[in-house]
Amino acid sequence: MEMPKPNPEILLKKARIVSRLQEALYDGAVIHDEAETRAYECDALSAYRCPPLCAVLPSSTEEVSAILKICHEEGVPVVPRGSGTSLAGGALPTADAVILGVARLNAVLETDYPNRFIRVQTGRTNLSVTGAVETDGFFYAPDPSSQLACAIAGNIAMNSGGAHCLKYGVTTNNLLGVTMVLMDGTVVEVGGAHMDAGGIDLLGVICGSEGQLGVVTEATLRILPKPEGARPVLIGYDSNEVAGECVSDIIKAGVLPVAIEFMDRPCIEATEAFAHAGYPMCEALLIIEVEGSPAEIDEQLALIKEIARRHNPVELREAQDADEAARIWLGRKSAFGAMGQINDYMCLDGTIPVSALPYVLRRIGEMSREYGLGVGNVFHAGDGNMHPLILYDANKPGDLELCEAFGADILKLCVEVGGCLTGEHGVGIEKRDLMVVQFTPEDLEAQMRVKDVFDPDWLLNPAKVFPLASSATRRAATGVAA
Amino acid sequence: MIRPASEEDLAGVVAGAKGPLSIQGGGTRGFADNAEGERLTTSGITGITLYEPGALTLVARAGTPVEEIRERLARDNQRLPFEPMDHRALLGTTGEPTIGGVVAANISGPRRVMVGAARDYALGLRFVDGRGMVIRNGGRVMKNVTGYDLVKLLSGSYGTLGILTEVSLKVLPKVAASATIVLGGLSDDRAVAAMAAALGSPFEVSGAAHDPGTGETLLRLEGFDESVRYRSERLAELLKTFAPSRMESDADVVAKLWAAIRDVTAFAGKEGDVWRLSVKPSDAPDLVGRSGAKQSLYDWGGGLVWLRCDDGTDLRARLAAFAGHATLIRANAQTRRGLGIFQPEPAPLARISAGLRAQFDPRGILNPGMMG
Ligand SMILES: Cc1cc2nc3c(=O)[nH]c(=O)nc-3n(C[C@H](O)[C@H](O)[C@H](O)COP(=O)(O)OP(=O)(O)OC[C@H]3O[C@@H](n4cnc5c(N)ncnc54)[C@H](O)[C@@H]3O)c2cc1C
C-alpha cells in the first residue's frame, strides 16, 4: 500500500513540536519515545504499520483544541484515533503525523430518559454506552461485533453498523449531535437533543467522514427502550439460492426481524469444528432473530417458520430457552475466530442488492478456485452486507498480495451488481485505490470539496478514503506530505 | 418556467444559466413566489426506474409524484416509512408533491419519532451541482459507507447544493393493524410527560402527538394484529396515571387522525404565520408558553412543535436563545425576506455551510438566499 512520503521538515522539528504539545496539556500525555509510539503504529488492519511522530492523549475538548491549533500552525498532519479496531487502516499513522487518541475522554456527560438521549465523550466504548443506561431499561442500538473495544469516536467516523441494524439502523441513524474540533482549533456544536438539522445537515456528512473533517470529542446519542425479549431460529438449506429466496419472502411478508444472518458451507464447517454449536452440515444456514413480548415473538416466528417450510429446509430449530438461543448464536459469533484457527484471513465488507446474493456467492466460489485461496461467507443477509473471509498464509511469500487481489476482485463484483465497496468498515487505506471502481472523478471531486471546506490544508487523517492520485494536487498545493 | 425532460437536459440548463435559478419540484411549498431567479421545475424528470420489494428498495427520478410512488408501493403492500407531509392544505398551494422535493427538504411525518426521517431512508442520489456537473453518491443498498455521505448532506439542503435528479429509497412493508390511544384533557406539560413515558416504554409507539386545541393526546401503535392488541392494552395501563383513555382501532379512523397531524390540518385556512420548531421534547411546553402563539400542535412527542402566530411575529426574537431551531413555514414574502426561512446558525457553522454552498455552487445560482 503506497503512503505519501513523510515531510522531512516535520521530522526535523519533532523536538519542538513535542515540547509545544507538552506545554499545551494539563493532564494529557504526549508519547514520543520511539519504543512507546509503536503502540500506535497500526489498527486492526495490522498488515500495515508505521509509528507516528508522536501520540497525544488529551483529557478535554479544550486540550484537543490546543493540540490541533499547534499542529495547524506547524503544518503537521493529525490522525485521530479511538480504540484502533478499524479493519480498513483508518487510523494508520504516517511517520510525520501526530496521533490524537481520545481514549481518555470516556465520561458520560448526561443521561436523559424523558428525551431518550445520552451525551458522552467519544473515547467511551460502544458497549459501555449501553452499560450506562441498561439498568434503567434502555440501550444504544448500533452494536458492532467489536463493541467491547471500539469507541464511539471510531463508530461515528466509520458510521459503524452491527448485527441489529436491519431494524435499528447504523450509527448515523442514531446520532443526534456532536462536539467537534476543526483542524484550526475551532470548537463547533452540531445538532443536539433535537431531532433534525436546522440548516444543511452537517452532522450527516461528519458521520462516516473517517476522521478527515474534524476531531469529534462529544456525542449525543439516541437511546431506546429495551424490548421485552428476543428469540432466534436457525434454518438450514441445501442451496444458497433457496436460502436467499427465503430471506426475500420473509421481508416481503412484512416481518422485520432484528437480525438475519447467513453462513455458507465453508463457514459452517469451520465454526462447527471450532465452537461445536451443533449446526447442521448444509449449504446455507440462516439465523433469524425477532423481538417483543413472548406472544409477539410467537406470532412473528410462526410466520417466519411457515415461510421457511415452504422452501423445504433441511433443518428448522427454534430456541426454546436462553441456553438454546445462546447456542444458536455461538457459532455465528465465533465465525471470525473459527476462520482464524484455519489460517490468516482478510475480512471483506462489500454490500450487494440482496437479489444478487446467489450469483455473487457462486462467482466468489469460482474465483476461490481460480486463486487457490479458501473463502467463507458470513453475511448480514437482510441488508446485503457481505463479509467474505479470505484465507491466506501470512508467512508464505506472495500470499498476502494474492489475497488482496482476490479481495479486490470480490469488491469489484459487488460494485458491478449494483452494490458498494464497504458496508460498515470504511474505506481507510484498504479500499482507497478501489474508489475509482465505484465513483467517477466528478463524484470523488464533490466529496473532496467537502474536505476543502472543513480542512482546507488537508492535514486531517492523510492518505485515507481518496486515491492518492485523486488528491495529489490538493496535497501538493498545501505543501504537506507531497 | 424551465422544465427539463431529463437529467442531461437539466445539466445543460444549469451549465448555461446566466443568472439565479429558483428550483421547485411540484411547487407545493410556494417558495417560488418571492424567490429571485428564473423558475425551474424537476417535474419533467419522472419515472420509477427500479423497484425490488424483496430488497426493500425503490429508485425514482426526482420529479416522480409521491402519489405515484405510494400507489406502486401499495400494490406490493409496502410504504414510505417516514410518512412525508403534504403541505398543500396548510399552505393553500396546488401542484403535485414530488419525491425529489421530499428528499431535498427532508420531509418526515409523525412516524419519524420511531423510524427516522426521510434522510434516514435515502440510500443514494444523483444531482446536478451549480456547475452543471452530474454527481452520484450512495447507491441502492442499505448499508454503504463508501466515501463521504453526500446523500445526507443533500437531503434537507433545499436545492442549494445541487438539484436532485434521482433518489434511491429504502421502503418498508405496510402494517397489518394500527391503533391509537387517545388521552383527554392533559395540560401541555403533562401531555409531553405522557408521551415521554409512552416513547420510553418497550411498546414501540410510532406516533406521539398532542393537540392543545382539542385537548387530545394521541399515541399510535402499529404491527401485526395480536401484537397491536397486546401493546395497546399494556400501554393504556401504563398511562392510566395520566388520564383515562379511549382506544381507536378502526384502520380508516386511525389513518385519518394521523394524516391530520402529519399535514397540520388544524391550522389550514386560518390566518397568521406558521412556524415549525425542532426542540428537545421536554423544552417544548415552556417555549410554546413564551411564543404567544394563537395555536399550537405537538408532534414527535414534543420534539416537533407547530405554531400559528400573528402575521410578522419575530418568533426567534421572542423565544431568545433556545436549543433547537425555528423554521418559518408560512408567511408573506415580506416577512420571509425580513426574518429568513431558516434559523441563523452560529458563526462557525454558518461559515462551513456558506463554504459548502460556495464549493457546490460557485456562481451562487441555486436558490440563492434560501438558506443563508
Ligand atoms: C473483531 C472485529 C469485529 C468488528 N466488527 C464490526 C462490526 O460488526 N461492524 C462494524 O461496523 N465494524 C466492525 N469492526 C470495525 C471497527 O471496530 C469499527 O470500524 C469501529 O467503529 C472502529 O472504532 P475505533 O474506536 O476502534 O476506531 P479507530 O480504529 O481508532 O479509528 C477508526 C477511524 O475513526 C477515526 N477517528 C477515531 N477517533 C476519532 C475522533 N475522535 N474524531 C474523528 N475521527 C476519529 C480514525 O481516524 C479512523 O479513521 C470490527 C473490528 C474488529 C477488529
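Rules used in this analysis
- Residues numbered from 1 in each chain as written.
- Chains lettered and ligands numbered in written order.
- Predicted model: local features only at pLDDT ≥ 70, side-chain atom pairs only at ≥ 80, totals over all residues.
- Heavy atoms only, no water.
- Helix = DSSP H or I, 4+ residues; strand = E, 2+ residues; numbered from the N terminus.
- Rg over C-alpha atoms; globule rule 2.2 N^0.38 Å.
- Buried < 20%, exposed > 50% of the residue type's maximum accessible area, 1.4 Å probe, protein only.
- Contact = heavy atoms within 4.5 Å.
- Areas by Shrake-Rupley, 256 points an atom, 1.4 Å probe, with all protein chains shown as cover.
- Lys, Arg positive; Asp, Glu negative; His and termini not counted.
- Charge placed at Lys NZ, Arg CZ, Asp CG, Glu CD.
- Domains from an automatic or database assignment.
- Salt bridge = Lys/Arg side-chain N within 4 Å of Asp/Glu carboxyl O.
- Polar contact = N/O pair within 3.5 Å; in protein donor to acceptor, adjacent residues only side chain to side chain.
- Pairing = 2+ DSSP bridges.
- Buried area = accessible area lost by both parts, 1.4 Å probe.
- Nonpolar A, V, L, I, M, F, W, Y, C, P; charged D, E, K, R; others polar.
- Phe/Tyr/Trp six-rings, centres within 6.5 Å; stacked < 30°, edge-to-face > 60°.
- Lys NZ or Arg CZ within 6 Å of the ring centre and 35° of its normal.
- Near = heavy atom within 4 Å.
- Core = buried A, V, L, I, M, F, W, Y, C linked by side-chain atoms within 4.5 Å.
- Axes fitted to C-alpha atoms, helices over the stretch in contact; angles between N-to-C directions.
- Expected span 1.5 Å × (residues − 1).

Each helix and strand in chain A was counted, giving 18 helices and 18 strands. The C-alpha atoms of chain A give 23 Å as radius of gyration, which agrees with the globular expectation for 482 residues (23 Å, within 12%). Dimensions of chain A along its principal axes, counting C-alpha atoms only, are 70 × 55 × 40 Å. Considering chain A as a whole, with its 482 residues, one finds that 63% of them fall into the buried category. Long-range pairs, those at least 24 residues apart, make up 71% of the contacts in chain A between residues at least 6 apart in sequence. Approximately 16500 Å² of chain A is accessible, and the part contributed by carbon and sulfur atoms is 51%. With 38 positive and 66 negative side-chain charges, chain A shows a spacing of 2 Å between the two charge centroids.

All names here are of chain B. Here the domain parsing of chain B yields domain 1 (7-173), domain 2 (177-263) and domain 3 (265-331). When each unit is reduced to the centre of its C-alpha atoms, the spacing between domain 1 and domain 3 is 26 Å. Taken together, the ten residues of domain 1 in the interface contact nine residues of domain 3. At the junction of domain 1 and domain 3, the tally comes to zero salt bridges. On inspection of domain 1 and its partner domain 3, the count reaches two residue pairs in polar contact (both at pLDDT 80 or more). Among the elements of the structure, α3 (88-91) and α5 (112-115) are those that each provide at least two residues to the side of domain 1 that touches domain 3. If you tally residues by element for the side of domain 1 that touches domain 3, the top one is α3, at three residues.

The next point concerns the pairing of strand β1 (residues 21-24) of chain B. Residue and element names in this part refer to chain B. The two faces of β1 match: L21 and I23 on one face and S22 and Q24 on the other face are all buried. Bridging between β1 and strand β2 (residues 38-41) involves four bridges; their strand directions are parallel. Bridge pairing links Q24 to T41 in β2.

A few words on the domain arrangement of chain A. When its domains are assigned, chain A resolves into domain 1 (8-101), domain 2 (108-225), domain 3 (230-335) and domain 4 (343-432). Its C-alpha centre places domain 1 of chain A at a distance of 45 Å from the equivalent point of domain 3 of chain A.

Between chain B and chain A, the residue contacts involve 77 residues of the former and 91 residues of the latter. For the chain B and chain A pair, buried surface summed over both sides reaches about 6500 Å², with 60% attributable to carbon and sulfur atoms. If you sort the residues of chain B by the area they bury against chain A, B:K143, B:V145 and B:Y148 come out on top, with a joint share of 15%. For B:R119, the salt bridge is made with A:D201, and the minimal N-O distance between the two is 2.9 Å. Here chain B and chain A share 27 residue pairs in polar contact (both at pLDDT 80 or more) between them. Among the elements that take part in the side of chain B that touches chain A, helix α14 (residues 347-360) of chain B stands out by supplying ten residues, more than any other. In terms of residue class, the side of chain B that touches chain A is made up of 34 nonpolar, 21 polar and 22 charged.

The next subject is the pattern of salt bridges. By the definition in use, this model includes 55 salt bridges over all chains. When the shortest N-O distance is used, the salt bridge between A:D443 and B:R136 registers 3.5 Å. In this pair, A:D443 sits in helix α17 (residues 441-454) while B:R136 sits in strand β7 (residues 134-138), so the two residues belong to two different chains. For the salt bridge of B:E52 with B:R140, the shortest nitrogen-to-oxygen distance reads 3.5 Å. Of this pair, B:E52 sits in strand β3 (residues 48-52) while B:R140 is found in the loop between β7 and α7 (150-154), placing the two residues 88 residues apart along the sequence. Each member of the salt-bridge network shares a partner with another, and the members are A:E445, A:R449, A:D452, A:R474, B:D129 and B:R131.

Turning our attention to the packing of aromatic side chains. Per the counting criterion, the structure on display carries eleven aromatic pairs over all chains. For the pair A:F466 and B:Y148, a centre-to-centre distance of 5.2 Å together with 80° between the ring planes defines the contact as edge-to-face. Of this pair, A:F466 sits in the loop between α17 and α18 (468-477) while B:Y148 sits in the loop between β7 and α7, which puts the two residues in different chains. For B:Y148, a relative accessible area of 1% puts it in the buried group. Lying over the aromatic face of B:W258, B:R220 brings its terminal NZ or CZ to 4.8 Å of the ring centre.

Quick look at the site of the ligand now. Residue and element names in this part refer to chain A. Close to the ligand lie 32 residues; P80, G82, G84, T85 and S146 are nearest. Between the ligand and G84 there is a distance of 2.7 Å, counted from an oxygen atom to a backbone nitrogen or oxygen. For the ligand, an oxygen atom lies 2.8 Å from a polar atom in the backbone of S86. Expressed as a share of its isolated accessible area of 980 Å², the protein-covered part of the ligand is 93%. At five residues, the largest contribution of residues to the shell around the ligand is made by helix α6 (residues 152-158). A per-class count over the shell around the ligand returns 13 nonpolar, 16 polar and three charged. Summarising the domain contributions, the shell around the ligand has at least three residues from each of domain 1 (8-101) and domain 2 (108-225).

Looking now at the pairing of strand β6 (residues 122-128) of chain B. Residue and element names in this part refer to chain B. Judged by how many residues are buried, β6 sits mostly within the fold: six of seven residues are covered. As paired elements, β6 and strand β8 (residues 163-170) share six bridges and run antiparallel to each other. Note on β8: the bridge partner recorded for F127 is L164. In this sheet, β7 lies alongside β6 in antiparallel orientation, the contact comprising five bridges. From the neighbouring strand, F127 faces β7, where its bridge partner is I135. Taken together, β6 and the strand that follows it, β7, pair antiparallel across an intervening segment of five residues, in which G132 is found at a positive phi of about 95°.

With that settled, the discussion passes to the environment of A:E210. Along the chain, the position of A:E210 falls in the loop between α8 (202-206) and β10 (215-222). Taking the C-alpha atoms as reference, A:E210 lies 22 Å from A:A477; in sequence the two are 267 residues apart. For A:E210, the residues in contact, after removing those within four places along its chain, are A:A157, A:M158, A:G426, A:V427, A:G428, A:N461, A:V465 and B:V145.

Across soluble globular proteins, you tend to see nonpolar side chains buried next to one another. Counting 184 residues, the largest nonpolar core has A:F454 and B:L153 as the members making the most contacts within it. Counting residues per element, this core draws most heavily on helix α15 (residues 399-416) of chain A, which supplies eight residues. Discounting chain neighbours no more than four positions away, the residues touching B:L153 are A:I200, A:D201, A:L202, A:V205, A:V450, B:L161, B:L356 and B:F360. Of all hydrophobic cores here, the second largest spans 27 residues; its members include A:V56, A:I70, A:V78 and A:L459.

Residue and element names in this part refer to chain A. As summarised here, the arrangement of the five strands in space is β5-β6-β10-β8-β9, forming an open sheet in which the pairing is antiparallel. A strand with exactly one partner marks an edge of an open sheet, and here the two such strands are β5 (108-112) and β9 (187-191). For this sheet, the mean angle separating the axes of adjacent strands, direction not counted, is 10°. By the bridge criterion, six bridges tie strand β8 (residues 175-181) to β10 in an arrangement that is antiparallel. Opposite V181, over in β10, you have V215 as the bridge partner. Set on the sheet, helix α5 (residues 126-133) makes contact with β5, β6 (117-121) and β10; between it and β6 the angle comes to about 135°.

All names here are of chain A. Compared with the 21 Å implied by 1.5 Å per residue over 15 residues, the 21 Å span of helix α14 (residues 357-371) between its first and last C-alpha is a close match. All of the buried residues along α14 are L357, P358, V360, L361, I364, M367 and S368. Packed against the buried residues of α14 are α9 (240-252), β13 (259-264), β17 (375-380), β18 (385-392) and α15.

Before going further, it helps to examine the sheet that holds strand β14 (residues 284-291) of chain A. As a general point, the strands of a sheet are linked pairwise by backbone hydrogen bonds and lie either parallel or antiparallel. Residue and element names in this part refer to chain A. With antiparallel pairing, seven strands are arranged side by side in an open sheet as β15-β12-β14-β13-β17-β18-β16. Edge positions in the sheet fall to β15 (315-318) and β16 (344-347), since each has one partner strand and no second. Across the sheet, the mean angle from the axis of one strand to that of its neighbour is 15°, orientation sign disregarded. Direction of pairing for strand β12 (residues 230-237) relative to β15: antiparallel, over a ladder of four bridges. Residue pairing for β15: L234 is matched across the bridge by R317.

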